[in-house]
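Understanding the architecture of this molecule
Here is how the chains run, residue by residue.
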Amino acid sequence: MSIKDNVEYINRLKSEAAERSGRKGEDVLLVAVTKLHSPEEINEAIDAGITDIGENKVQEILSKYDKVKPVKWHLIGHLQTNKVKQIIDKVDLIHSVDSFHLAQEIEKRAANIDRVIDVLVQVNSAEEETKFGISEDEVDALIDDIRKNCPHIRIVGIMCIAPLFDDPELARPVFASVKAIYDKYPDFKYLSMGMSNDFQVAIEEGANLIRVGTAIFGNRDYRSEER
Ligand SMILES: *Cc1c(COP(=O)(O)O)cnc(C)c1O
């Protein structure tokens, strides 16, 4: 299967899952996760209709940025404060804001370039210690703090990474509880949840942005990634 075939296949499954939840395929944004894949592969995906790509490392965004056709860039991985200034003018959406400390740095760098940056707050709903994200009971306070203190940040939604289960059905309650947080904020635009193994369940539970890598590009050649 080519990248193009895979994109078409994922789009079809995405539409079917959206219809099961009373929506249309186009209501769910497919972000192709391109970490550890080459600019050539990424351009192939863009030619197949991909409009948005996700990277989890600042360094990878920087090294590929000029080699990839025009596309929207999503930073989906943990962001260290000392790297914010390197990508502040390159990314369209930061999915991984999980502390006020990080928000303050984004605020400062965004103010410097006179831009308002769209972000998602990353919730760690499964309370897994090894993963990033703020716990469910702290999320409202973080949103409130950012809204009061960071005029150059616009919070446009919530992101979560469910634990990797053999059976994606087991992720359903995680997605449902994150959807309940999302629903408290009527002005939010994105509920980012669902990956290759569980995106259909995530869509059924209300995700409108899915982050899919392996199912589009095949297995990554890596050793030290989380999850
Ligand atoms: C790698 C990654 C994905 C994509 O995972 P696949 O299982 O390859 O689809 C999605 N979200 C985040 C945060 C990731 O790091």
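This report concerns the structure included in the present document. (Residues numbered from 1 in each chain as written. Predicted model: local features only at pLDDT ≥ 70, side-chain atom pairs only at ≥ 80, totals over all residues. Heavy atoms only, no water.)

Here we come to the overall build of the protein. Scanning the protein from N- to C-terminus turns up nine helices and eight strands. C-alpha extents for the protein along the principal axes are approximately 45 × 40 × 35 Å. Here the protein, with 227 residues, has 51% of them falling under the buried criterion. For the protein, long-range pairs separated by at least 24 residues make up 58% of all intrachain contacts whose partners lie at least 6 apart in sequence. (Helix = DSSP H or I, 4+ residues; strand = E, 2+ residues; numbered from the N terminus. Buried < 20%, exposed > 50% of the residue type's maximum accessible area, 1.4 Å probe, protein only. Contact = heavy atoms within 4.5 Å.)

So, on to the site of the ligand. Contacts to the ligand come from Val-33, Lys-35, Ile-76, Ile-161, Met-195, Ser-196, Arg-211, Val-212, Gly-213, Thr-214 and Arg-220. Between Thr-214 and the ligand, the recorded distance is 2.5 Å, taken from a side-chain N or O atom to an oxygen atom. Protein contact buries 91% of the 380 Å² of open area that the ligand shows by itself. Per-class residue counts for the shell around the ligand are five nonpolar, three polar and three charged. (Near = heavy atom within 4 Å. Polar contact = N/O pair within 3.5 Å; in protein donor to acceptor, adjacent residues only side chain to side chain. Areas by Shrake-Rupley, 256 points an atom, 1.4 Å probe, with all protein chains shown as cover. Nonpolar A, V, L, I, M, F, W, Y, C, P; charged D, E, K, R; others polar.)

A few words now on helix 7 (residues 172-183). Here helix 7 contains 12 residues, and its C-alpha end-to-end distance of 16 Å stays within 8% of the 16 Å for a straight helix at 1.5 Å per residue. Looking at the buried positions of helix 7, the neighbouring elements they touch are strand 5 (117-123), helix 6 (136-149), strand 6 (153-160), strand 7 (190-192) and helix 8 (199-204). (Expected span 1.5 Å × (residues − 1).)

This paragraph deals with the packing of aromatic side chains. Per the counting criterion, the structure on display carries three aromatic pairs. Arranged with centres 5.3 Å apart and planes meeting at 40°, the rings of Tyr-65 and Trp-73 form a pair that is tilted. Given the relative accessible area of 26%, Tyr-65 is considered partly exposed. In this structure Trp-73 comes out as buried when scored by relative accessible area, which is 4%. When the centroid spacing of 4.7 Å and the interplanar angle of 20° are considered together, the rings of Tyr-185 and Phe-188 count as stacked. (Phe/Tyr/Trp six-rings, centres within 6.5 Å; stacked < 30°, edge-to-face > 60°.)

A few words now on unusual backbone geometry. Backbone geometry places Leu-36, a non-glycine residue, at a positive phi of 65°. Here Asp-114, not a glycine, exhibits a phi torsion of approximately 55°, which is positive. As for its placement among the helices and strands, Asp-114 is situated in the loop between helix 5 (100-112) and strand 5. Given the relative accessible area of 67%, Asp-114 is considered exposed.

Quick look at the side chain of Glu-60 now. Checked against the element boundaries, Glu-60 lands in helix 3 (residues 58-64). Non-local contacts of Glu-60, meaning those with residues more than four positions away in its chain, are made with Thr-34, Lys-35, Leu-36, His-37 and Glu-55.

Consecutive side chains of a regular strand alternate in pointing toward one face of the sheet and then the other. Relative to strand 3 (residues 72-75), strand 2 (residues 52-55) runs parallel, the two sharing four bridges. Across the sheet, the residue bridging to Asp-52 is Lys-72, located in strand 3. In the classification by handedness, the crossover that spans strand 2, the intervening helix 3 and the parallel strand 3 is right-handed. The sheet contact formed by strand 3 and strand 4 (residues 93-97) spans two bridges and is parallel. Within the sheet, the bridge partner assigned to Leu-75 lies in strand 4 and is Ile-94. (Pairing = 2+ DSSP bridges. Right-handed = clockwise from strand over helix to strand, strands pointing away.)

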